[in-house]
Every structure is written in structure tokens, then in C-alpha cells.
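# Summary of structural features
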Amino acid sequence: MAVRTKKHTHRKNGGAGRISLTINGQPYEMEVGTSPHQIDPAHTLAHTLRETLGLTGTKVSCDHGACGSCTVLMDGKAILSCMTLTVECDGKSIATVEGLGDPETGELDPLQQAFVDRTAFQCGFCTPGMIMSAKALLSENPSPTEEEVKQGLSGNFCRCISNYHVVKAVLAASGKKR
Ligand code: FES
Ligand code: FES
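Computed from a predicted model, the values in this text were never measured in an experiment.

Attention now goes to the environment of Ile 94. Counting through the fold element by element, Ile 94 comes out in strand 6 (residues 93-95). Ignoring sequence-local partners within four residues, the contact set of Ile 94 consists of Leu 21, Thr 22, Ile 23, Asn 24, Leu 45, Val 72, Leu 73, Met 74 and Cys 89.

Written out as C-alpha cells, the structure reads:
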């Protein structure tokens, strides 16, 4: 069973059959196994986030590593949560779209606000993945060029063709209004 712990107690997934990870700043300790209350070794991080922890902000579209909808951050790097097993996340820090806003005030992250201000979405299904990829990009390169933004988001696909607005939103959030 996935439980939120008060204290982060990292243990390697070995004989204990447990993993510890941090999600949006909250430590979790999880039992690994095939019982219904445990984290199945075959479960992807996307599955655990959505189905076990109820963090449905992370979307699953292709479920095969091709669309970027399921992008989250692992130790600050963008990863595809549909292609990452939860047991591989032992000791890692995961950030999802739910963790971007200010928990005290509820204020959106400036990147989220830029998406809202520029209506950089239509159905919104790809948006959490776009935002998390952009977050990783801006943390590595705070002032990207338009080409670098396009390159950084090249693994994120949008069926609604909101990409032009997305590029503008990311540039605006980086302080580079175009
Ligand atoms: S749902 Fe993970 S890449 Fe498409
Ligand atoms: S806004 Fe609909 S898939 Fe991107």
C-alpha cells in the first residue's frame, strides 16, 4: 500500500520489498508486491501516480513513449512516466503538474500562468506534459531561443495544434516576449 510518511526513510528495494520516493515534496513509502494493496513491480509511474495516488494531472495518451503527455520530472529531469517503472523511482524525487503551484496561496507557477494568459491549449490533454517538459527546459536553460523551445518540446505532441501558442507561452515565461 502507498502511504505518505512523515519522515523520508529511504531504503533500497531489496529483501524489504519497499521503495521510498518523494512526490511533489511529500515522502511516500510503498510496499512492492502483487497484492492489491501493493505496488506491482510491473506498474509504471504513470499508473501509480494516477491510479494509486489519484494524481490524475499526469495524462496517459499513447502509453508507449511516443507522445509526451505523461511527462513528469524525476530529480529535475523530464521523463516519460508511462515508460518508467515505479520500482525504478526508489529514492527519487518526482514532480508532477499538481506540485507546481504555490501550496500556500494556490497561485499558479508562472509557466502555468503563461499558458493560461496565452490560451496555449485547446482540449488541454497534452498540456500537463507540455508544461513539465517546458519546466525542465527552463530550469536548464532559463532564456531559450524560439528554436530551443521548439527543440525542447519536440517530444510533446498536441492533436489540437496548440503548439504555436505553447511556444509563445514558454518564451513569455522565460521573459522573452516574442
Ligand atoms: S503516454 Fe507516455 S509518451 Fe505517450
Ligand atoms: S490541447 Fe488538445 S491535445 Fe494538445
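On to the packing of helix 2 (residues 110-117) against helix 5 (residues 163-173). Running from N to C, helix 2 and helix 5 point in directions that differ by 135 degrees, and their axes come no closer than 8 Å. One way to sum up the angle between helix 2 and helix 5 is to call them oblique. Regarding helix 2 and helix 5, the two cross each other, and that crossing is right-handed. Contacts between helix 2 and helix 5 involve Pro 110, Leu 111, Ala 114 and Phe 115 from the former and Val 166, Ala 169, Val 170 and Ala 173 from the latter. Residue classes in the contact of helix 2 with helix 5 are distributed as eight nonpolar, no polar and no charged.

This part is about the nonpolar core. Within the largest apolar cluster, 23 residues are counted, with the highest numbers of intra-cluster contacts made by Leu 111, Phe 115, Met 130, Val 149, Leu 153, Val 166 and Val 170. Elements with a minimum of two residues in this core: helix 2, helix 3 (127-140) and helix 5. At seven residues, helix 3 tops the list of elements feeding residues into this core. For Val 149, the contacting residues outside a window of four places in its chain are Leu 137, Pro 144, Val 167, Val 170 and Leu 171.

Thresholds applied
- Residues numbered from 1 in each chain as written.
- Chains lettered and ligands numbered in written order.
- Predicted model: local features only at pLDDT ≥ 70, side-chain atom pairs only at ≥ 80, totals over all residues.
- Heavy atoms only, no water.
- Helix = DSSP H or I, 4+ residues; strand = E, 2+ residues; numbered from the N terminus.
- Contact = heavy atoms within 4.5 Å.
- Axes fitted to C-alpha atoms, helices over the stretch in contact; angles between N-to-C directions.
- Parallel < 35°, antiparallel > 145°, perpendicular 65-115°, else oblique.
- Left-handed = near helix turned anticlockwise from the far one by under 90°.
- Nonpolar A, V, L, I, M, F, W, Y, C, P; charged D, E, K, R; others polar.
- Core = buried A, V, L, I, M, F, W, Y, C linked by side-chain atoms within 4.5 Å.
- Buried < 20%, exposed > 50% of the residue type's maximum accessible area, 1.4 Å probe, protein only.

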